[in-house]
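# Structural description and commentary
Residue-level listing of the chains:
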Amino acid sequence: MSEPQPTEPAPSTGRIPHGPFRPGDQVQLTDPKGRINTITLQPGKLYHSHKGSVPHDDIIGSPEGTVYRSSGGVEYLAFRPLLADFAVRMPRGAAVVYPKDAAQIVAMADIFPGARVIEAGAGSGALSCFLLRAVGEHGLVSSYERRPDFADIARANVEKFFGGPHPSWRLTVGSLEDALTETEADRVVLDMLAPWETLDAVAKALIPGGMVCAYIATTTQMSRVVEDLRAHGAFAEPYAFETLLRSWHVDGLAVRPDHRMVGHTGFLVTARRLADGVTPPVRRRRPAKGAHPAPATTTPGDTAGDDSGDATADATPGRTTES
């Protein structure tokens, strides 16, 4: 395993997300059919397509929301890409956290300006960008990534979006369990295959009242992390959910849901850190029948035909018989 290699924060980011277009800015050119092409402005360069070209010099110095006509007569609308646009189109190593889930992580994990956040699994850097936006330049996001190749991709994507190293970001190559050095963290975000393996380290790093948020892909992972959070003893009752996103077609009187939607991408599980030495209260909610295996009550020598006077399950589901 690679030795932890935290990146030193820079004084400030170089990206200015407003004002006239400048050399080095990323620009989205959208054609009349809604197709998007992203370019990086360079003086003297041309944007080429099968519908003609647009000089970069025509774009530099003009405001966002300007329309440019190519040499082939096609009009292109120019805007800087939003973070949501950048995240779904960035170069990838690992799969990215989609904007609908990143937004829920920021909201439901209560990521606030100035927060000290630990992220396990930097992946391609999409979630890191959202977390950095939320904590601002006075917060801190410490990201841990096991794979050096993924860490390189994440670093390149974060620096491309922010225009340079972000002053609030530290990226360490290594596993959270082995390389974690931060304490007094406000939030921990786990985007990894087995988040339950890190719960001891997470509990030591979080302040009382702090929150852990796990992003997982499958129901078996969700079940495991929820049950392990309950069994750990340092966390309050976890909350598990997912978010579905459906867009709508609106054209005059034709108003209907779109035929395609962003359905399942992942599950989120959140839980609060208890104070040291506190035992979580016993849950009073009655579990569903069959949710947990019943303890064995028979002893050697018992037979299936033993008369106990109790109602026993018949072979037909939903029916009972009495002896």
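Preceding block: the structure.
Nothing here was measured: the structure is a model prediction, and the numbers come from that model. (Residues numbered from 1 in each chain as written. Predicted model: local features only at pLDDT ≥ 70, side-chain atom pairs only at ≥ 80, totals over all residues. Heavy atoms only, no water.)

## Topic: the overall build of the protein chain
Worth spelling out the cut-off: Strands here mean DSSP runs of E at least two residues long; helices mean DSSP runs of H or I at least four residues long; both are numbered from the N terminus. Any residue under 20% of the maximum accessible area for its type is buried, any over 50% is exposed, and the rest in between are partly exposed; the area is computed with a 1.4 Å probe on protein chains only. Note on contacts: a residue pair qualifies if any of its non-hydrogen atoms lie within 4.5 Å across the two residues. Here the accessible surface of atoms and residues is derived via Shrake-Rupley with a 1.4 Å probe, and residues count as covered only by protein chains that are part of the display.
Assigned secondary structure in the protein chain consists of eight helices and 17 strands. Counting every position in the protein chain, which comprises 323 residues, the buried fraction comes to 39%. In the protein chain, the proportion of contacts linking residues at least 24 apart, taken out of those at least 6 apart, comes to 64%. Total accessible area on the protein chain stands at roughly 18200 Å², and carbon and sulfur atoms take up 54% of it.

## Overview of the pairing of strand β2 (residues 36–40)
Formally: For two strands to be treated as a pair, DSSP must find at least two bridges joining them.
Of the pairings in the sheet, the one linking strand β1 (residues 26–30) to β2 comprises five bridges and is antiparallel in character. Its bridge partner being in β2, Q28 is matched across the sheet by T38. Count of turn residues in the β1/β2 antiparallel hairpin: five residues, of which G34 carries a positive phi of about 85 degrees.

## Some remarks on helix α3 (residues 99–108)
For α3, the full list of buried residues reads K100, D101, A102 and I105. Against α4 (126–135), β10 (185–190), β11 (206–216) and β15 (267–272) lie the buried residues of α3. The first or second residue beyond α3 is D110, which carries a positive phi of 55 degrees.

## With respect to the side chain of D101
Here is the rule we go by: Whenever two N or O atoms come within 3.5 Å, that pair is a polar contact, provided that in protein one can donate a hydrogen and the other can accept it, and provided that, for residues adjacent in sequence, both atoms are side-chain atoms.
Tracing the chain through its elements places D101 in helix α3. Judged by its relative accessible area of 0%, D101 is buried. At a separation of 3.4 Å, a polar atom in the side chain of D101 contacts the side chain of K100. With sequence-adjacent residues up to four places away left out, D101 is seen in contact with Y215, T265, G266 and L268.

## Comments concerning the pattern of salt bridges
To keep it simple, the criterion reads: Any Lys or Arg side-chain nitrogen located within 4 Å of an Asp or Glu carboxyl oxygen qualifies as a salt bridge.
Evaluated as defined, the whole model comprises 14 salt bridges. Between R147 and D149 there is a salt bridge, with its nearest N and O atoms 2.7 Å apart. Among the ionic pairs, D228 bridges to R224, the shortest N-O distance being 3.1 Å. Here D228 pairs with R224, and both are found in helix α8 (residues 219–232), just four residues apart, close to one helical turn. For D228, a relative accessible area of 23% puts it in the partly exposed group. Residue classification places R224 among the partly exposed residues on the basis of a relative accessible area of 41%. Each of D25, E64 and R80 takes part in salt bridges that share partners, so that together they form one network.

## Here's the deal with the packing of α4 against helix α5 (residues 148–162)
This is how it is decided: As a rule, the C-alpha atoms of each element are fitted with a line to give its axis, helices using only the stretch in contact, and angles between N-to-C directions run from 0 to 180 degrees. An angle below 35 degrees is treated as roughly parallel, one above 145 as roughly antiparallel, one from 65 to 115 as roughly perpendicular, and anything else as oblique. By convention the crossing between two helices is left-handed if the near helix lies anticlockwise of the far one by an angle smaller than a right angle, and right-handed if it lies clockwise. Only Asp, Glu, Lys and Arg are considered charged, only Ala, Val, Leu, Ile, Met, Phe, Trp, Tyr, Cys and Pro nonpolar, and every remaining residue, Gly among them, polar.
Where α4 meets α5, the closest approach of the two axes is 9 Å, and the angle between their N-to-C directions is 45 degrees. The pairing of α4 with α5 is recorded here as oblique in orientation. You can see that α4 and α5 cross each other, and the crossing is right-handed. Listed contacts from α5 to S128, C129, L132 and R133 of α4 are V158, F161 and F162. Looking at the contact of α4 with α5 residue by residue, the class counts come to five nonpolar, one polar and one charged.

## Some thoughts on the pairing of β1
Burial within β1 is extensive, with four of its five residues counted as buried. Pairing between β1 and strand β6 (residues 75–79): three bridges, direction antiparallel. Note on β6: the bridge partner recorded for T30 is L77.

## Here's the deal with the sheet that holds β2
Adjacent strands of a sheet pair through backbone hydrogen bonds, lying either parallel or antiparallel. Taken in spatial order, the four strands line up as β2-β1-β6-β5 in an open sheet, and their pairing is antiparallel. Where the open sheet ends on each side, the last strands, each with one partner, are β2 and β5 (66–69). The sheet shows a mean angle of 30 degrees between the axes of neighbouring strands, direction not considered.

## Focus on the sheet that holds β15
Strand order in the open sheet formed by seven strands is β9-β8-β7-β10-β11-β15-β12, and the pairing between neighbours is mixed. At either margin of the open sheet sits one strand with a lone partner, and together these are β9 (169–173) and β12 (239–241). Each neighbouring strand pair of the sheet contributes to a mean axis angle of 15 degrees, computed without reference to strand direction. Across three bridges, the pairing between β12 and β15 is antiparallel. The residue bridging A240 from the neighbouring strand is V269, located in β15. Its contacts with the sheet place α5 against β8 (140–145) and β9, and it is angled at close to 165 degrees to β9. Docked against the sheet, α8 engages β11, β12 and β15, running at close to 5 degrees with respect to β15.

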